[in-house]
Amino acid sequence: MKLERKYTARQEKDAEDKLFEAIKTLQSLEEYRSFFQDILTPAEFQAIKDRWTVAALLDEGYTYREINAISGVSITTVARVARFLSDGSGGYQIALERL
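Reading the values: the criteria
- Residues numbered from 1 in each chain as written.
- Predicted model: local features only at pLDDT ≥ 70, side-chain atom pairs only at ≥ 80, totals over all residues.
- Heavy atoms only, no water.
- Helix = DSSP H or I, 4+ residues; strand = E, 2+ residues; numbered from the N terminus.
- Buried < 20%, exposed > 50% of the residue type's maximum accessible area, 1.4 Å probe, protein only.
- Contact = heavy atoms within 4.5 Å.
- Areas by Shrake-Rupley, 256 points an atom, 1.4 Å probe, with all protein chains shown as cover.
- Lys, Arg positive; Asp, Glu negative; His and termini not counted.
- Charge placed at Lys NZ, Arg CZ, Asp CG, Glu CD.
- 1 Å grid on protein atoms, 1.4 Å probe; cavity = no way out; pocket = protein on both sides within 12 Å on 5 of 7 lines; lining within 4 Å.
- Points joined across faces, edges and corners; volume = space filled by probe spheres on them.
- Nonpolar A, V, L, I, M, F, W, Y, C, P; charged D, E, K, R; others polar.
- Salt bridge = Lys/Arg side-chain N within 4 Å of Asp/Glu carboxyl O.

Participant: Explain the overall build of the protein chain here, please?
Facilitator: When helices and strands are counted, the protein chain shows 6 helices and 0 strands. Principal-axis analysis of the C-alpha atoms gives the protein chain an extent of 40 × 35 × 25 Å. By residue count, 16% of the 99 residues in the protein chain fall in the buried class. Of all intrachain contacts in the protein chain linking residues separated by at least 6 positions in sequence, the fraction that spans at least 24 positions is 34%. For the protein chain, the computed accessible surface area is about 7900 Å², with 54% contributed by carbon and sulfur atoms. In the protein chain, which carries 14 positive and 16 negative side-chain charges, the distance between the mean positions of the two groups comes to 5 Å.

As structure tokens, then:
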């Protein structure tokens, strides 16, 4: 994360909106996969996949320790995902419900 931003808050929001619009243009799982492999580092991509796996397992009722044993994801990350599931913007829940 950059500490000193060069963009205004408005420019940041515009860049975010353009990113989301670009994602909306993708039409297949392969296109999504290619896009995210290009835009994210392997570590960032793995972190996102881990968080999504954890969210799905939490939604299915697994405990933190069970999720750690199944996935190898740290208890700290599991707790962080759980916090966003309950107190976040609702994005995890929307996606989980639509699958």
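Participant: Teacher, can you tell me more about the layout of surface pockets here?
Facilitator: If a probe as big as a water molecule is rolled over the atoms, it shows which places are left empty. Empty space within the largest pocket amounts to approximately 1100 Å³. What lines the largest pocket is a set of 21 residues, among which Ile-23, Phe-36, Ile-48, Trp-52 and Tyr-92 lie closest to the centre. Secondary structure elements with two or more residues in the lining of the largest pocket: α1 (9-25), α2 (29-39), α3 (42-59), α5 (75-87) and α6 (91-98). Residue contributions to the lining of the largest pocket peak at 5 residues, all from α3. Per-class residue counts for the lining of the largest pocket are 14 nonpolar, 5 polar and 2 charged.

Participant: Would you mind going over the pattern of salt bridges with me for this structure?
Facilitator: Charged atoms that come close allow side chains of opposite charge to pair. Counting across every chain of the model gives 4 salt bridges. Residue Lys-13 is joined to Asp-17 by a salt bridge in which the shortest nitrogen-to-oxygen separation is 2.8 Å. With Lys-13 and Asp-17 both in helix α1 and 4 residues apart, the pair spans about one turn of that helix. A relative accessible area of 41% means that Lys-13 is categorised as partly exposed. Under the relative-accessibility criterion, Asp-17 is labelled partly exposed at 31%. Between Glu-30 and Arg-33 there is a salt bridge; the shortest N-O distance is 2.6 Å. Remark: Arg-33 and Glu-30 occur in helix α2; sequence separation between them is 3 residues, near one turn of the helix.

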